[in-house]
4 protein chains.
Amino acid sequence: MVGGGSDAFIGAIHRCAAFMDNQIELVCGCFSINPEISLSSGKDYFIPENRIYTSFKEMIEKESALPEGERMDFITIVTPNMLHFEPAMMALEKGFDVVLEKPMTFSLDEAKALQKKVEETGRTLALTHAYTGYPAVKEAKRMVANGDFGKIRKICVEYMQGWLSNRVELNPTSNAGWRTDPKRSGKAGCIGDIGTHALNLAEYISGLKCTSLCADMETFVPGRMLDDDGAALLRFDNGAKGVLMASQIAAGEENNLTIRVYGEKGGLEWHQQEPNSLILKWSDKPMEVYRTGNPYMGDIAKANTRTPGGHPEGYIEAFGNIYRNFAKTVMAKRDGIAPKPEWNDFPKVEDGVRGMQFIETAVTSGYEEDKKWINWIN
Amino acid sequence: MVGGGSDAFIGAIHRCAAFMDNQIELVCGCFSINPEISLSSGKDYFIPENRIYTSFKEMIEKESALPEGERMDFITIVTPNMLHFEPAMMALEKGFDVVLEKPMTFSLDEAKALQKKVEETGRTLALTHAYTGYPAVKEAKRMVANGDFGKIRKICVEYMQGWLSNRVELNPTSNAGWRTDPKRSGKAGCIGDIGTHALNLAEYISGLKCTSLCADMETFVPGRMLDDDGAALLRFDNGAKGVLMASQIAAGEENNLTIRVYGEKGGLEWHQQEPNSLILKWSDKPMEVYRTGNPYMGDIAKANTRTPGGHPEGYIEAFGNIYRNFAKTVMAKRDGIAPKPEWNDFPKVEDGVRGMQFIETAVTSGYEEDKKWINWIN
Amino acid sequence: MVGGGSDAFIGAIHRCAAFMDNQIELVCGCFSINPEISLSSGKDYFIPENRIYTSFKEMIEKESALPEGERMDFITIVTPNMLHFEPAMMALEKGFDVVLEKPMTFSLDEAKALQKKVEETGRTLALTHAYTGYPAVKEAKRMVANGDFGKIRKICVEYMQGWLSNRVELNPTSNAGWRTDPKRSGKAGCIGDIGTHALNLAEYISGLKCTSLCADMETFVPGRMLDDDGAALLRFDNGAKGVLMASQIAAGEENNLTIRVYGEKGGLEWHQQEPNSLILKWSDKPMEVYRTGNPYMGDIAKANTRTPGGHPEGYIEAFGNIYRNFAKTVMAKRDGIAPKPEWNDFPKVEDGVRGMQFIETAVTSGYEEDKKWINWIN
Amino acid sequence: MVGGGSDAFIGAIHRCAAFMDNQIELVCGCFSINPEISLSSGKDYFIPENRIYTSFKEMIEKESALPEGERMDFITIVTPNMLHFEPAMMALEKGFDVVLEKPMTFSLDEAKALQKKVEETGRTLALTHAYTGYPAVKEAKRMVANGDFGKIRKICVEYMQGWLSNRVELNPTSNAGWRTDPKRSGKAGCIGDIGTHALNLAEYISGLKCTSLCADMETFVPGRMLDDDGAALLRFDNGAKGVLMASQIAAGEENNLTIRVYGEKGGLEWHQQEPNSLILKWSDKPMEVYRTGNPYMGDIAKANTRTPGGHPEGYIEAFGNIYRNFAKTVMAKRDGIAPKPEWNDFPKVEDGVRGMQFIETAVTSGYEEDKKWINWIN
């Protein structure tokens, strides 16, 4: 693990998610750019001292020098955006599979280079767009693909948070620091941090690709250097239209990621904060609520569920599905067999490239006052 | 009443709403352009035959010739859009107050002429933007005006219906006929029929005015002549931004009008389909749910509530509030006294003009491919 | 109308409910035992002074002396429980139909005498168990009768209020005064005021009859003279079991009447505070939500709905359904024709008798410490 | 681990829950009475073959013979009820701490013996009443203890499932087999399996003890040998009253555990299926919704939460809290320091004894036709 010291939020999630299915152990790490934090974190995580490293370079080099069976199997990178590309590239080159936080890189160019490297090396890269790990989301995707709603016409996706309503980044212990700093986060703030999740979710469920958009981006909190609010009108490759909203100044909202997809015959609705329900609304019959863990769910949803109906699963389980599916896929590849479809269902380098393209396109449009539609920037 | 024969939906709502508070009686009407329907409808409504008319002109003329105390007190116009202006103008000229369906007129020019006439005559005109009649909406307005949320930054309003997902207008008994016909409805379909409600609600609650917008409008159902789906990015006069969505092809949605308004300190959320709850989300304290009919509600909300908490009020009651408030205001004016603020709170001719301006602006932007922002068309 | 002066809550509801469908006018009344309040209330209600009476006796006598077509058509009694029987009996004897508040009488004996009188006179008596007026409740009844859930096994019904958590009856303007006074309310407080609604709803939807019960009743608020909380285990005539809860000290609850009925194949759930949704849960398929105003609803539910789906109807509309159905039934009888089933669906004298029997049985059991099951007291 | 082979549901949950916080490893086990299943399960769980045992006796003996630091630290028992007592007693005697499934034992006598043994040995025993592991439940307990609601008057708790609506126990792969078999489950079916959870939750949150009850129990499904439905009126030691419902024939219900607790000033409501929200209703102010992961939550709730607000946690996390708290407490004891209160908050042997007493009392009352109240059987 690169990053994820005891002072970081998302690293702890990664660890819970990775451990829960007993497929993955944490064997080494470089948990902080601060060597003391790295060391103390590593000890807290029960890592032997000789495998707690002070830099990702040291780690990848030393681990790759260990005999097979002893060295780490893959690397997880949970650092700020400007520190995704280098360790990921180096790990791929040294033959490690990679789990990477989103957005995938600091720039689109890096993303493309990473994609090329993945293709060259044949390694597996998983991107932790965790929300596609929820079984109800997988079921939604299945239903759309199955044509249950007819042709899709309209997609409304939004990701509303309120935690940046004030300048919390001035608090040095806040996770907001790097997220609002263009040097560490990249061109985008809110639209990169959570807008990419929204776009990824919309494309994952609908199976469509956004082809152009018209965005309006704003920085509401004085002194902040990156956008903290945005919205975009979307057009998709089948003629569907959409609206995407992402905000971190929607004061009072926790982590309200919601999607609705409407086709000719009906629509679906899913709320991340109540993730075990998938609401279906129909033109000609009563609303239905599909609930995870029930026999009527599809095979992929079932394979990504651990508990029977009524025992709620949450964010860590969704995250865990990405780790488990990644691990199962990596193991299948090692064994020279084709990964099963239910495992080989996690965000990959292509999704990361699309995320960076989205950031490029959204930022271009978001500060454009005259031109209405910006075509997808490839 | 002009329109509202036994074959019409909204006329029946008007009558329930008008009657329920025992302030208003139906004394005459011209209920259909079909004289037989008008006659049979009038009889069903217990109107004496001599006051069932065959045209609005006949009605207004004959009624105005009756002695004061016998003639109708005001006129309600519930016809398709192309038949709003003429009867409203004639009624005002003959000294009658007017209740009018939205959108107010067929064109912006008509709206301005009507506004001028209202100002000239000093009569009262109520526009049935019924959703602002809900007590929870009035409480939301009060809280925003009181500064409870700090400066408003973001408004998300949407009105999603699915009933036009197919070409129901081909069914001659459907209410969709005139709504999808540019000769009877005007320049806009969905954005006029329900987009105006959404804009009105946003401006009512926030106290802000939209100053420019960037819209995308679409006709999804083949053969249809007017838009059945639209979305717009909004900018408001205090610097707030917004998103408005209106759709009649959101298959499976009934009448899902939802608004969220976020300020610096917190946000509010209201769903028309569960209208007795007003959800407040705060940056620094737990979510609250205000419920109509409780002692903690504000005075205007209370004056517009008939039942104690937990006895749900609905659409007809909200509609009834417009009628009751209109009636109380008209009566106060007759008595030469100032209407109380809690009664003088209903949509007026100015709201109708803004609605027609919104249609103009949205239609201009909605079919524009190049220019991004369209300033509000006055 | 007997009772329902400007100082009373439920009288206002009755008037809104009666007026909204334009089938019923208020033509006379004795609105209070205080003649001044009666007079001023009557004037507020636009009643001519000569038909504002000072006692129900005067009213019934004078009205019955008026020529047919001029005199009132029926009488509505909205007084405290101890004043139900006399005016109802007198009205029936003089040939008037009756609408009566629940619980029907002060005692079971009175209830039986009233039932006998109704049978003798052939008049129509409607009891305002308003909650059975909701279309979703009627649809629930239809589904159970249709066998959609298989044989019914379990019924859970509860009516939770919090407004009597303190001794509000000490406030002379409170509606709690007579409700907590055994001289005006009868043997029961909470169990009579709202427990009867719960039992009525359970029997209405399920089509079953309670045959025995085991209750525990309590007065939590010191100084109060009647029960303010109760619960009972129920047994029904088909072998189903149930639980009924009624409380007026469930602090913070508004008017939370909720019922669940489970059969062999699935169950239904309905919440009075969100009355437009009927939730169906199934053993072998996803949950469904039926919503009032949609084409898939049954005929009786449709006949009791005024608005299309998504335009919420509430308590007053449910109440209005009782008035409208009563009026349609009375008119059909006058015309010598059989009332249509969709109109002839309102609580009748039999329901009132069962309510009084329930009070007798519940009070007997509720204060019994030794004997477990009390058979239904006929 | 004793039990929890690949054919068992709850064992998998225990493992996820135990692993997720990286405090606990699975080092040995006897996973099934079928040695082949035990072996193959153990291999799936990455256990070395020499520590996959064929009986709990073998396991406890051999493990206790291993040097400290190598042998297992504690034992988890996830077998059917009739196999709880023996391994737990033997483990305690051999100096191991114990995690045990509920209900704690087959009989009350066993429970008392186990309690005595725990007291004698000073070992730690955790009982997996998982629902008290939810942070919102812990917050509810804190609020009640803090007097936020005033004196508690009324507790309504219910646990509704529908999965035993048919005779699923006839399917040999079903988990229903031992649960409906008095030889393996004990005196009670539904009331033991889930009724004990409901009682435990009520006593945990309220801090009260049930002192007597009046129950009605039933077996609705023909051929079944144990109760599948029950309800009880409850009385608590402070004078509060309550209702408990537990059903496994509430067709269509998944795992609907819901509790409401009302005091003099307000009440709380919690639904296990939406576990991140704690609903507070007040007599004199708007409803509040507390959400896990927010800064306003109390310390114990916070210590039992892994994610920030809006990232839902579920059943496995609640379960994981029991394991983590148990592990932290055991480690603190080993280190000779007092466990922190936030860790030392998990169900213990005393809760297990109360659960068995509840089963005794409920079964005694549930089949009693004459006597109303049964005092708590100690």
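Check the entry above for the structure.
Since the structure is predicted, the reported quantities are computational estimates derived from the model, not experimental observations.

1. Focus on the overall build of chain A
- Along chain A, the regular secondary structure elements total twelve helices and twelve strands.
- Against the compact-globule benchmark of 21 Å for 378 residues, chain A has a radius of gyration of 20 Å, which places it among compact chains.
- Across its three principal axes, chain A shows a C-alpha extent of roughly 65 × 50 × 40 Å.
- For chain A, with 378 residues in total, the buried portion stands at 67%.
- Counted over contacts in chain A with a minimum sequence separation of 6, partners at least 24 positions apart contribute 66%.
- In the structure as shown, chain A presents an accessible area of about 12,800 Å², 50% of it carried by carbon and sulfur atoms.
- Here chain A carries 43 positive and 52 negative side-chain charges, and the mean point of each set is 4 Å from the other.

2. Structural notes on the side chain of N256 of chain C
- If you trace the backbone, N256 of chain C turns up in strand β8 (residues 256-263).
- For N256 of chain C, a relative accessible area of 10% translates into the label buried.
- Only 2.9 Å separates the side chain of N256 of chain C from the side chain of T258 of chain C, close enough to count as a polar contact.
- When residues no more than four places from it in sequence are discounted, the contact partners of N256 of chain C are E158, Y159, M160 and Q273 of chain C together with K281 of chain D.

3. Notes on the relation of the copies chain D and chain C
- Mapping chain D onto chain C calls for a screw motion: a turn of 180 degrees about the axis and a shift of 0.0 Å along it, with 0.0 Å RMSD after fitting. Look at the turn and shift together and you get a two-fold axis relating the two. For chain D, the residue whose C-alpha comes nearest the rotation axis is K372 of chain D, separated from it by 2.0 Å.
- The share of interface residues of chain D whose copies in chain C are also at the interface is 100%, consistent with both copies meeting through the same surface.

4. Some points on the pairing of strand β4 (residues 152-160) of chain B
Residue and element names in this part refer to chain B.
- Burial analysis of β4 places nine of its nine residues in the buried class, which makes it a mostly covered element.
- Pairing of β4 with strand β8 (residues 256-263) involves eight bridges; the strand directions are antiparallel. By the bridge assignment, M160 is partnered in β8 with N256.
- One ladder, built from seven bridges, connects β4 with strand β7 (residues 241-247); its direction is parallel. Note on β7: the bridge partner recorded for V157 is L244.

5. So, the state of the cysteines
- Scanning the entire structure with this criterion turns up zero disulfides over all chains.
- Looking at the unpaired C16 of chain A, the closest cysteine sulfur is the one in C16 of chain D, lying at 12 Å.
- The thiol of C156 of chain B is unpaired, and the distance to the nearest cysteine sulfur, on C156 of chain A, comes to 12 Å.
- The class of C156 of chain B is buried, set by a relative accessible area of 4%.

6. Comments concerning the interface of chain C and chain A
- Tallying the contact residues gives eight residues for chain C and eight residues for chain A.
- Across the interface of chain C and chain A, roughly 740 Å² is buried in total on both sides, 74% from carbon and sulfur atoms.
- Inspection of the chain C/chain A interface yields zero salt bridges.
- Of the residues that constitute the side of chain C that touches chain A, the class distribution is five nonpolar, no polar and three charged.

Rules behind the numbers
- Residues numbered from 1 in each chain as written.
- Chains lettered and ligands numbered in written order.
- Predicted model: local features only at pLDDT ≥ 70, side-chain atom pairs only at ≥ 80, totals over all residues.
- Heavy atoms only, no water.
- Helix = DSSP H or I, 4+ residues; strand = E, 2+ residues; numbered from the N terminus.
- Rg over C-alpha atoms; globule rule 2.2 N^0.38 Å.
- Buried < 20%, exposed > 50% of the residue type's maximum accessible area, 1.4 Å probe, protein only.
- Contact = heavy atoms within 4.5 Å.
- Areas by Shrake-Rupley, 256 points an atom, 1.4 Å probe, with all protein chains shown as cover.
- Lys, Arg positive; Asp, Glu negative; His and termini not counted.
- Charge placed at Lys NZ, Arg CZ, Asp CG, Glu CD.
- Polar contact = N/O pair within 3.5 Å; in protein donor to acceptor, adjacent residues only side chain to side chain.
- Least-squares fit on C-alpha atoms with pLDDT ≥ 70 in both.
- Pairing = 2+ DSSP bridges.
- Disulfide = S-S within 2.5 Å.
- Buried area = accessible area lost by both parts, 1.4 Å probe.
- Salt bridge = Lys/Arg side-chain N within 4 Å of Asp/Glu carboxyl O.
- Nonpolar A, V, L, I, M, F, W, Y, C, P; charged D, E, K, R; others polar.

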